[in-house]
Amino acid sequence: MSKSPSPIPEGLVRGPFTHAAGREAGLSRARMRARDLRAPTYGVRDRAVGAVCFEGRVRAFALALPGDVAFSHVTAARVLGLPMPSTWLPTEPLDVMRDSTRPRIERHGVRSHRGLEHRCTCPVDSARVTDALDTWADLSTLFGLGDLVAAGDVLVGARHELRPKDLLRAAQDRTGRGAVRLREAAALVRVGAASPWESKARVAFARWRLPEPQLNLDLYDAWGRWLARPDFVWKEQRVVGEYDGDQHRTDRRAWQYERERRAGLEDEGWTYVEMTSLSLTGPRESAALRGRLTRLLL
């Protein structure tokens, strides 16, 4: 029967640790190679408990990277909680950035960038990341317009407390690849968007040259009773638009609530336009939505 590995010291069980920290705590090289530990990156060990997660991977690499490096681009966006077009996978490289005068980071599992001297940084937990504005601007070389606007809408929300004019200024300061898309996105960012798909819908409305809707506006009936707070409101045309995500399909109570709310709006003379992700991505469905909104609004 094989012998169980000796216990990990209390100070090392809460997260990844470097080889140096392990040796200082009394762990031998052989102990740090035991099966109950894994190596997220060279020079770092972590307990092999559960699936690898994004936060744990960032913490592990933060221990191994030089102090003059910051996480940037997609990695910084995930750390800052910006909406992303794809879910995280353990195979996704971590974006890191360093001053242009310093050597590039050569480490398996990272994607290296230069130009940190032109960015502001901030600490988030144990990681140093490019700040929200610079991260958003850097995403312009990787994101499409809809995803860039969705990220910008989050930045002007309550959590980040930036203003649309801050994003416009950041876009005007950028040159080179992605700069045109960044300025286009900054002009479309609005306060009040409630989800990434609502942001993408608004980009489609602009591309179709439709009037700009008001966002999440409370509507009342003739007696002053609250009716609804639709995603999109074209008040002059008495048209409302609602983006229905998967929760409306999988949650019966949410589905029933939406049906009752729609009936109340229609009873008060509002035209109700329902849309889903397919309405914005499917060629036939997108054309149908565009045609209906054009007839109702123009």
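Keep in mind the model is a prediction, meaning the values are calculated, not measured. Counting of residues starts from 1 at the beginning of each chain's written sequence and follows it residue by residue. This being a predicted model, a pLDDT of at least 70 is required before a residue's local features are given, and a value of 80 or more before pairs of side-chain atoms are given or counted; all residues contribute to the totals for chains, interfaces and linings. With hydrogens and water excluded, all non-hydrogen atoms of the structure serve as input to the side-chain values.

**Q** I'm lost on the overall build of the chain in this one. Help?
**A** A count of helical and extended segments in the chain gives 13 helices and 14 strands. We take the radius of gyration over the C-alpha atoms and set the globule estimate at 2.2 Å times the residue count to the 0.38 power. Taken against the 2.2 N^0.38 rule, which gives 19 Å for 298 residues, the C-alpha radius of gyration of the chain at 24 Å runs more than 25% over that of a compact globule. Reported as C-alpha extents along the three principal axes, the dimensions of the chain are approximately 75 × 50 × 35 Å. By residue count, 45% of the 298 residues in the chain fall in the buried class. Throughout, a residue-residue contact means that at least one pair of heavy atoms, one from each residue, lies within 4.5 Å. Within the chain, counting contacts between residues at least 6 apart in sequence, those at least 24 apart form 52% of the total. In these tables, accessible area is a Shrake-Rupley quantity obtained with a 1.4 Å probe, and a residue counts as shielded only by the protein chains included in the view. Summed over its atoms, the accessible surface of the chain is roughly 16400 Å², and 51% of this surface lies on carbon and sulfur atoms. Runs of H or I in DSSP of at least four residues are treated as helices and runs of E of at least two as strands, each being numbered from the N terminus. Think of it in three bands: residues with accessible area under 20% of the maximum for their type are buried, residues over 50% are exposed, and the middle band is partly exposed, with areas taken using a 1.4 Å probe on protein chains only.

**Q** For this particular structure, what's the right way to read the packing of helix α6 (residues 145–155) against helix α8 (residues 179–188)?
**A** What describes two packed helices is the angle between their axes and the distance between those same axes. Their axes nearest at 9 Å, the elements α6 and α8 cross at an angle of 50°. Relative to α8, the element α6 is oriented oblique. α6 and α8 meet at a crossing whose hand is right-handed. Here L145, L148, V149 and D153 of α6 come into contact with α8, specifically with R181, L182, E184, A185 and L188. Side-chain classes follow a simple rule in which Ala, Val, Leu, Ile, Met, Phe, Trp, Tyr, Cys and Pro form the nonpolar group, Asp, Glu, Lys and Arg form the charged group, and the remainder, Gly included, forms the polar group. In terms of residue class, the contact of α6 with α8 is made up of six nonpolar, no polar and three charged. To obtain each axis, a line is fitted to C-alpha atoms, and for helices this fit is confined to the stretch in contact; angles are then taken between N-to-C directions over 0 to 180 degrees. In this scheme, roughly parallel covers angles under 35 degrees and roughly antiparallel covers those over 145, while 65 to 115 is roughly perpendicular and the rest are oblique. A clockwise turn of the near helix away from the far one marks a right-handed crossing, whereas an anticlockwise turn of less than a right angle marks a left-handed crossing.

**Q** Looking at this structure, how should I read the pattern of salt bridges?
**A** Should their charged atoms come close, side chains of opposite charge can pair. For salt bridges, the criterion is a side-chain nitrogen of Lys or Arg within 4 Å of an Asp or Glu carboxyl oxygen. If you walk through the whole model with that rule in mind, you get 19 salt bridges. For the salt bridge of R169 with D166, the shortest nitrogen-to-oxygen distance reads 3.4 Å. One end of the pair, R169, and the other, D166, are both in helix α7 (residues 164–173), three residues apart, so they sit about a helical turn from each other. Of the residues examined, D166 reaches a relative accessible area of 9% and is grouped as buried. Through salt bridges that share partners, R119, D134, D138 and R174 make up one connected network.

**Q** Please explain the sheet that holds strand β12 (residues 232–234) as it appears in this structure.
**A** One key point about sheets: their strands pair by backbone hydrogen bonds, in either a parallel or an antiparallel sense. Here the rule is simple: two strands pair whenever DSSP picks up at least two bridges between them. Strand order in this open sheet of four strands is β9-β12-β13-β14, and the pairing throughout is mixed. Strands at the two margins of the open sheet, each flanked by one partner only, are β9 (214–215) and β14 (271–275). As paired strands, strand β13 (residues 239–243) and β14 are joined by five bridges and run parallel to one another. Of the residues in β14, the one forming a bridge with Y243 is M275. In the packing of helix α9 (residues 196–207) onto the sheet, the strands contacted are β9, β12, β13 and β14, and the crossing angle to β12 comes to about 35°.

**Q** Help me understand the pairing of β13 in this model?
**A** Two faces, one strand: in a regular strand the side chains alternate between the faces of the sheet. In terms of residue burial, β13 counts as a mostly covered element, since five of its five residues are buried. Here β13 shows two buried faces, one formed by V239, G241 and Y243 and the other by V240 and E242. As defined by bridge partners, β12 adjoins β13 across three bridges and the pair is classed as antiparallel. For V233, the partnering residue across the bridge sits in β13 and is V240.

**Q** What am I meant to see in the packing of aromatic side chains here?
**A** Only the six-membered ring of Trp is used, alongside the rings of Phe and Tyr, when aromatic pairs are assigned; centres must lie within 6.5 Å, and planes under 30 degrees apart are stacked while those over 60 apart are edge-to-face, with the rest tilted. Under the defined criterion, the tally for this structure stands at six aromatic pairs. Aromatic side chains W197 and Y243 sit 6.0 Å apart centroid to centroid with 10° between the ring planes, which places their arrangement in the stacked category. You can see W197 sitting in helix α9 and its partner Y243 sitting in strand β13, a full 46 residues away along the chain. Relative to W234, the ring of F205 lies with its centre 5.4 Å away and its plane at 65°, an arrangement referred to as edge-to-face. In this pair, F205 sits in helix α9 while W234 sits in strand β12, placing the two residues 29 residues apart along the sequence. Here F205 matches W234 in class, with each residue buried. Three or more aromatic residues joined by ring pairs form one cluster here, namely F205, W208, F232 and W234. Comment: the charge-over-ring label is applied if NZ (Lys) or CZ (Arg) is within 6 Å of the ring centre and within 35 degrees of the ring normal. Taking the ring centre of W197 as reference, the NZ or CZ of K200 above it sits at 4.4 Å.

**Q** What is the right way to read the nonpolar core from this model?
**A** In summary, soluble globular proteins display a tendency toward joint burial of nonpolar side chains. Remark: nonpolar core denotes a set of buried residues (Ala, Val, Leu, Ile, Met, Phe, Trp, Tyr, Cys) joined through side-chain atoms within 4.5 Å. By size, the foremost hydrophobic cluster in this structure holds 39 residues, and its most contacted members are F71 and W136. Those elements giving two or more residues to this core turn out to be α3 (54–64), α4 (73–79), β5 (94–98), β8 (127–130), α5 (132–138), α6, α7 and α8. Looking at this core, the element that brings in the most residues is α6, giving five residues.

**Q** Explain the packing of α6 against α9 here, please?
**A** Two numbers describe how α6 lies on α9: the axes approach to 8 Å, and their chain directions differ by 125°. In terms of orientation, α6 and α9 fall into the oblique class. The element α6 and its partner α9 pack so that their crossing is right-handed. Contacts between α6 and α9 involve L145, G146, D147, V149, A150 and D153 from the former and P196, S199, K200, R202 and V203 from the latter. For the contact of α6 with α9, a count of residues per class yields five nonpolar, two polar and four charged.

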